[in-house]
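The residues making up each chain are set out below.
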Amino acid sequence: MDLNSASTVVLQVLTQATSQDTAVLKPAEEQLKQWETQPGFYSVLLNIFTNHTLDINVRWLAVLYFKHGIDRYWRRVAPHALSEEEKTTLRAGLITNFNEPVNQIATQIAVLIAKVARLDCPRQWPELIPTLIESVKVQDDLRQHRALLTFYHVTKTLASKRLAADRKLFYDLASGIYNFACSLWNHHTDTFLQQVSSGNEAVILSSLERTLLSLKVLRKLTVNGFVEPHKNMEVMGFLHGIFERLKQFLECSRSIGTDNVCRDRLEKTIILFTKVLLDFLDQHPFSFTPLIQRSLEFSVSYVFTEVGEGVTFERFIVQCMNLIKMIVKNYAYKPSKNFEDSSPETLEAHKIKMAFFTYPTLTEICRRLVSHYFLLTEEELTMWEEDPEGFTVEETGGDSWKYSLRPCTEVLFIDIFHEYNQTLTPVLLEMMQTLQGPTNVEDMNALLIKDAVYNAVGLAAYELFDSVDFDQWFKNQLLPELQVIHNRYKPLRRRVIWLIGQWISVKFKSDLRPMLYEAICNLLQDQDLVVCFLSALKELVFKVSPYLETMFTLLFQLLQQVTECDTKMHVLHVLSCVIERVNMQIRPYVGCLVQYLPLLWKQSEEHNMLRCAILTTLIHLVQGLGADSKNLYPFLLPVIQLSTDVSQPPHVYLLEDGLELWLVTLENSPCITPELLRIFQNMSPLLELSSENLRTCFKIINGYIFLSSTEFLQTYAVGLCQSFCELLKEITTEGQVQVLKVVENALKVNPILGPQMFQPILPYVFKGIIEGERYPVVMSTYLGVMGRVLLQNTSFFSSLLNEMAHKFNQEMDQLLGNMIEMWVDRMDNITQPERRKLSALALLSLLPSDNSVIQDKFCGIINISVEGLHDVMTEDPETGTYKDCMLMSHLEEPKVTEDEEPPTEQDKRKKMLALKDPVHMVSLQQFIYEKLKAQQEMLGEQGFQSLMETVDTEIVTQLQEFLQGF
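Residues numbered from 1 in each chain as written. Predicted model: local features only at pLDDT ≥ 70, side-chain atom pairs only at ≥ 80, totals over all residues. Heavy atoms only, no water.

(A) Spatial organisation of the overall build of the protein. A count of helices and strands for the protein gives 48 helices and two strands. Compactness check: the protein gives a C-alpha radius of gyration of 38 Å against a globular reference of 30 Å for 966 residues, more than 25% above the reference. Expressed as a percentage of the 966 residues in the protein, the buried residues total 53%. Put simply, of all contacts in the protein between residues at least 6 apart along the chain, 74% involve residues at least 24 apart. Of the accessible surface of the protein, which amounts to about 44,100 Å², a share of 50% is contributed by carbon and sulfur atoms. Averaging the positions of the 86 positive and the 119 negative side-chain charges in the protein gives two centres separated by 5 Å. (Helix = DSSP H or I, 4+ residues; strand = E, 2+ residues; numbered from the N terminus. Rg over C-alpha atoms; globule rule 2.2 N^0.38 Å. Buried < 20%, exposed > 50% of the residue type's maximum accessible area, 1.4 Å probe, protein only. Contact = heavy atoms within 4.5 Å. Areas by Shrake-Rupley, 256 points an atom, 1.4 Å probe, with all protein chains shown as cover. Lys, Arg positive; Asp, Glu negative; His and termini not counted. Charge placed at Lys NZ, Arg CZ, Asp CG, Glu CD.)

(B) How the structure looks around the nonpolar core. Within the largest apolar cluster, 329 residues are counted, with the highest numbers of intra-cluster contacts made by Phe413, Trp662, Ile701, Tyr704 and Phe724. No other element matches helix H35 (residues 694-730), which puts 17 residues into this core. Excluding residues within four positions of it along the chain, Phe724 makes contact with Leu687, Phe698, Ile701, Val739, Val742, Val743, Phe758 and Ile761. (Core = buried A, V, L, I, M, F, W, Y, C linked by side-chain atoms within 4.5 Å.)

(C) Summary view of helix H47 (residues 924-948). Its 25 residues place the ends of H47 only 19 Å apart at the C-alpha level, less than the 36 Å of an ideal helix rising 1.5 Å per residue. At Gly940, H47 is bent by approximately 120 degrees, the largest bend along its length. All of the buried residues in H47 are Leu924, Gln925, Phe927, Ile928, Lys931, Leu932, Gln935, Phe944, Leu947 and Met948. Those residues of H47 hidden inside the fold are in contact with helix H42 (833-844), helix H43 (852-856), helix H44 (858-872), strand E1 (873-875), strand E2 (882-884) and helix H48 (953-962). (Expected span 1.5 Å × (residues − 1). Bend = angle between axes of the 7 residues up to and from the residue.)

(D) Just the UniProt feature "domain: Importin N-terminal" (unreviewed entry) in the protein, in detail. Taking the numbering used here, the UniProt-annotated feature "domain: Importin N-terminal" (unreviewed entry) corresponds to residues 28-100. Summarising residues 28-100: 63% helix, 0% strand, and an end-to-end C-alpha distance of 26 Å. (UniProt positions renumbered as here; feature names shortened; annotations may be inferred.)

(E) Region of the structure containing a nonpolar patch on the surface. A cluster of nonpolar side chains, Met609, Val652 and Tyr653, forms an exposed patch at the surface whose accessible area comes to about 340 Å². Its location among the elements puts Tyr653 in helix H32 (residues 651-667). (Patch = residues over 30% accessible without salt bridge, like charges linked within 9 Å, V, L, I, M, F, W, Y side chains within 5 Å. Salt bridge = Lys/Arg side-chain N within 4 Å of Asp/Glu carboxyl O.)

(F) Quick look at the packing of aromatic side chains. The tally for this structure, following the rule as stated, stands at 35 aromatic pairs. Ring centres of Phe680 and Tyr704 lie 5.1 Å apart, and the angle between their planes is 75 degrees; on these two criteria the pair is classed as edge-to-face. Here Phe680, found in the loop between helix H33 (674-678) and helix H34 (683-689), pairs with Tyr704, found in helix H35; they are 24 residues apart in sequence, far enough to count as distant. Side by side, Phe680 and Tyr704 carry an identical accessibility label, which is buried. (Phe/Tyr/Trp six-rings, centres within 6.5 Å; stacked < 30°, edge-to-face > 60°.)

(G) Quick look at the side chain of Ser295. With respect to the helices and strands, Ser295 occurs in helix H13 (residues 289-304). Not counting residues within four places of it along the chain, the set of residues in contact with Ser295 comprises Phe243, Phe288, Leu323 and Ile327.

Here's what the structure looks like:
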């Protein structure tokens, strides 16, 4: 591509590509795509985006196409790779001038230079770093800033490389430029500190921007540029100097307004200081050891004393708390139980920690956390008054909550209390002791203190297990507080129920539950209050039978009243817990919920997470209703249809729960319906996904087979068989077993139709047996499938044997002999007693026979049969005779205890199926006797005796013992 002639054309097409008119835009994009692989195209783009007189949007697009080209065509091995000559020209052009006037384009240019550096620096681009270093020294503000911006992005990119050779190159780079980077940062920092009092916002901002960029460079070099940074005096000098610089910058915040760009940049710089420390601690814990004392002193003084008043801000406090927490929890600083097994570095760090965390320090931290940081603020109280539901959503995980102070203080409290519980338990117990009895509702501060202490006791529940008599405290203190109905007491009542929720799984007597449930039922009538303890309520739901109707009705009313999507999800979750605990007992009370859920489903069309909660509720509802869940099908089946249809966008969120609902619906269905059969059309695309949900898909297929094998197989077996054949080519061993179990179940349930419908898979199974499949679990399943065919559909087995004889180019008898021989040889692969008995029955079904091959394998068949007898025969201690323990003479309804789930409809179907299964209906002992007797009659006494002589005498003795009485 000739640069001079092409520039005009490319510029014109780029201009068209910025158009809002699709008729103009689309052809331009197509043309640019064709040019991507043309030599010289990227040189033209470079000329365009470095021409500051052109339209900004055109230049922006040129930069993006250039960046895209680096990703695709810069590597030498890439298809249509750029030539080395063009790359040399481009590299030189990129760093000729750092004078881009538009911030957004300047950032993009810096990023694309970094992308090239990742691939070429330093080997093909040795001049990049020296050029950047020279450029950041110039006096021109714009050039200096752009060079510094590029320096940062290059350093960041090179620091992210992880191959050993690349790490070594970055170590060399860091060693070479670290001194310069420190000097640069100190220069810009000193300049900023001198200018901050001038009041000239533009000058301050410009200087602060350079300070921030140079600090970003130093962060990457410090954290990623040295194997043993504690041995480098410059690195440790920089890190030790951070604390003094932090103090200076925090003091600067007094003279900079609270609501301007400078303030925002200043706070970002302060946070970046803390990130340097946190990253260094994370990557080099032992190199950080000399900084432990200073870090703790600095953080504790600014967070827990008056030093920080007027200069700290929330994100800074969060970072300081994170620093304390990381030091407290750091595994590298924890010695082994046997101190002699610990490294000297660990012991040194531990010693510094222990020396710092004295009793007075720990006590002060604990008291300040509880009495200062745990207190509900005016803003939180106002939000609680105006919007309790919104307050709860925010507190329990809203987006802003993740980055706020409260969760950070709670995590720090938990970590410190766990680490130093022997010291801090008496402190917290003393705080509890001072709050005994009711609190004056007019004393808001006292109420807030009590709320904070209760919060601490809940967070430390596991640590306080042996120190707090929670049952007595509940009866004497907490229960009476739940009964205070004054409006100002609402936050405290909310905290009390949350506290009980924390303790109930730790220490709470079951005979106190009735009192608790009565209190809950009263609280459930206050919507403003109940939304605040929903997360605790699910912990409290155990045996709620006496209060079930009241609790369920009130929860349902709450579900209708609340408006926040998150709150509805919480209520549904609690309802699901209730339904799951009481199971069938829920049936009299769910009518209202069943009527409301279709409306809620419709209203939640744009809220997929709420729909997930509805699916979970439906799962438990179907399990609770059992066969009666059939009445839900008009709503239930369309929900399953939508949730499991991979062509519908919501399936991304709903698929897992939708499949689970589909499965429990089948398991609890009393009979097949046309609609339930129809939704199986969704299955084929699901099998093609081969996702982690495949196991559930196989369970669903089995569910249909158990529910209505004839209708199901006649409708879907052909397509299902095709899917299975494709899966068996690429699926894991476990997946193969799951596929074959489906086939085995189909043969078990429908021995006539099953083999016909899965006929294409059976040669695959036969071949696996003959060739001696090496995975025992797969071989076991092969033998289970073939055992069903041989025992229950002899004519089909004969036709299959004939087909396989042609494929293997062998005589049928020879192939049958090989199969029996492999079966006998690999019998030990079968571990399930049912399948072992099936193998014995299947091979015995070949008798009586005058076929010489079968007679030749007679010994092996008898060996397997005797093994089967050992597996299934149990001795009756009264009569001394043997009986087959797998025989089922009648359908016994199992007794279900209160804690057990009742049998599903599918469980009942499996029981009925067992009554028709030869494994459970045919006595192996009787079957062997009859087959041997028939063989004896066929061959005569002498011929039969000759056959028996091929069997080991010990096996014959065992057989005779089992057949006594026949």
